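# Summary of the model geometry
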Amino acid sequence: MPTRRDLIFSIAVVAALAASGRGASAQSFPNRPFRLVVPYPPGGNVDFTARLLAPVMSQVLGQPVVVDNRTGAGGILGTEAVARARSDGNTLLLGSTGPLSIFPAAIPRLPYDVLRDLAPIGIAYRVPIVLMVSRQLAVQSLAEFVARAKAEPHRFSAGTSGIGSGAHLAMELFNAGSGAGLVHVPYRGTGPALSDLIAGTIPVVFDQLSSALPLHADGRARILGIASANRSPLLPEVPTLREVGLVEPELTTTLGLLAPAGTPPGALETLRAALISAVADAAIRQRLGELGAEIAPAAEITPARYAAVIREETETSRRAVALGGIRLE
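Conventions used here
- Residues numbered from 1 in each chain as written.
- Predicted model: local features only at pLDDT ≥ 70, side-chain atom pairs only at ≥ 80, totals over all residues.
- Heavy atoms only, no water.
- Axes fitted to C-alpha atoms, helices over the stretch in contact; angles between N-to-C directions.
- Helix = DSSP H or I, 4+ residues; strand = E, 2+ residues; numbered from the N terminus.
- Parallel < 35°, antiparallel > 145°, perpendicular 65-115°, else oblique.
- Contact = heavy atoms within 4.5 Å.
- Buried < 20%, exposed > 50% of the residue type's maximum accessible area, 1.4 Å probe, protein only.
- Arc of directions from axis to C-beta.
- Salt bridge = Lys/Arg side-chain N within 4 Å of Asp/Glu carboxyl O.
- Pairing = 2+ DSSP bridges.

### Concerning the packing of helix H2 (residues 45-61) against helix H11 (residues 282-290)
How two helices pack is summed up by the angle between their axes together with the distance between the axes. One way to put it is that H2 packs onto H11 with a least axis distance of 10 Å and a crossing angle of 170 degrees. Relative to H11, the element H2 lies roughly antiparallel. Residues Phe 48, Thr 49, Leu 52, Leu 53 and Val 56 of H2 pack against Ile 284, Arg 287 and Leu 288 of H11.

### Notes on unusual backbone geometry
A cis amide bond, omega 0 degrees, links Phe 29 with the succeeding residue Pro 30. By secondary structure assignment, the location of Pro 30 is in the loop between helix H1 (4-27) and strand E1 (34-38). In this model, Ala 73 sits at a positive phi of 55 degrees, which is unusual for a non-glycine residue. For Ala 73, a relative accessible area of 48% gives the class partly exposed.

### Focus: the environment of Leu 131
As for its placement among the helices and strands, Leu 131 is situated in strand E4 (residues 118-134). A relative accessible area of 1% means that Leu 131 is categorised as buried. Between the alpha carbons of Leu 131 and Gly 256 there is a distance of 24 Å; along the sequence they are 125 residues apart. With residues near it in sequence (within four places) discarded, Leu 131 still touches Leu 142, Phe 145, Phe 174, Val 204, Val 205, Phe 206, Arg 222, Ile 223, Leu 224 and Gly 225.

### As for helix H8 (residues 190-199)
Of all the residues in H8, the buried ones are Ala 193, Leu 194 and Leu 197. Each buried residue of H8 lies within a common arc of 95 degrees when the element is viewed along its axis, so the set occupies one face. Those residues of H8 that are buried lie in contact with E4, strand E5 (157-160), strand E7 (204-208), helix H9 (209-217) and strand E8 (221-227). Of the residues one or two after H8, Gly 200 is the one with positive phi, at around 85 degrees.

### Here's the deal with the pattern of salt bridges
Opposite charge on two side chains permits pairing when their charged atoms draw close. For the coordinates displayed, the defined rule picks out 14 salt bridges. Residues Arg 35 and Asp 68 are paired through a salt bridge, measuring 3.0 Å at the closest nitrogen-oxygen approach. Of the two residues, Arg 35 is situated in strand E1 and Asp 68 in strand E2 (residues 65-69); the sequence distance between them amounts to 33 residues. Residue classification places Arg 35 among the partly exposed positions, given a relative accessible area of 26%. The partly exposed category is assigned to Asp 68, whose relative accessible area is 22%. Of the charged contacts in the structure, one is a salt bridge between Asp 47 and Arg 51, with a shortest N-O distance of 2.9 Å. One end of the pair, Asp 47, and the other, Arg 51, are both in helix H2, 4 residues apart, so they sit about a helical turn from each other. On the accessibility criterion, Asp 47 (5% relative accessible area) is buried.

### Observations regarding the pairing of E4
As a general feature of sheets, a regular strand has side chains that alternate between the two faces. A large share of E4 lies buried, amounting to 16 of its 17 residues. Relative to strand E9 (residues 252-260), E4 runs antiparallel, the two sharing 9 bridges. From the neighbouring strand, Arg 126 faces E9, where its bridge partner is Thr 254. As defined by bridge partners, E4 adjoins E7 across 5 bridges and the pair is classed as antiparallel. By the bridge assignment, Met 132 is partnered in E7 with Val 205. Pairing analysis gives 6 bridges linking E4 to E8, with the strands arranged antiparallel. Paired with Leu 131 across the strands is Gly 225, a residue of E8.

Structural data, given as structure tokens:
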């Protein structure tokens, strides 16, 4: 019969072995494939970015990174899926401004709390919103357009990709700051709005720089202003909205990497290093640069910085939502 002392010793050995096993498991991360959730259908900018980043991240992590399009409810379903996933570091979200910053400001009840249920890893890049005008509108500069719009309030219509979109919020903030009185025309997506802009059916459109660049480049429309802190290196001649006296909007579409809350800090740091390597890749930087993306420097690709940006964008969204009386269901 084993003595009480023998039993205590045996229990201690088992506990030590279990602890050792847990340590080995933690040290072996990553040890299986990753699922990178894109909360939108294939073909859009978020999906395009995920498929650019995944191969390089796979090389760095030593495991496959598989893109998983979990679509529905404007990105809510995919975001919720990651928020509810196991906190083992193997399920990731390529998050964007809509589900992370705009919806929390405009939808009364969401099935997740962004900074409670998700762990930010780092920003991949940001794309600013721009103000574009049709060729038929006889204005040559942003300052001239603002002056004309203020002199004739409610005359000019402004198209966006839809109610509650980042472009819509930028328009509301522009109206509030400039007194332009632009009349909002929501479209079902960017394509129809840009088609009407090219045709001259609508004089103004707010949209992402990535979508606007081709039209500006070939003269089908003109970008008059950019809603970011600095001018874009792709359009050095185009002023920021701040330069004509508008403190707001500085509104961008931000893409970044997140994991479920509770993911171990060591895993988050490993994933952050993989993201930094991916956005530092020369081929990826070139492709993203062509979209007008502002890639974060490595020192700013941190969980703390990304969390701060989510908070800032959520507060900006709240102001815009209040100004426009926006409510999404």
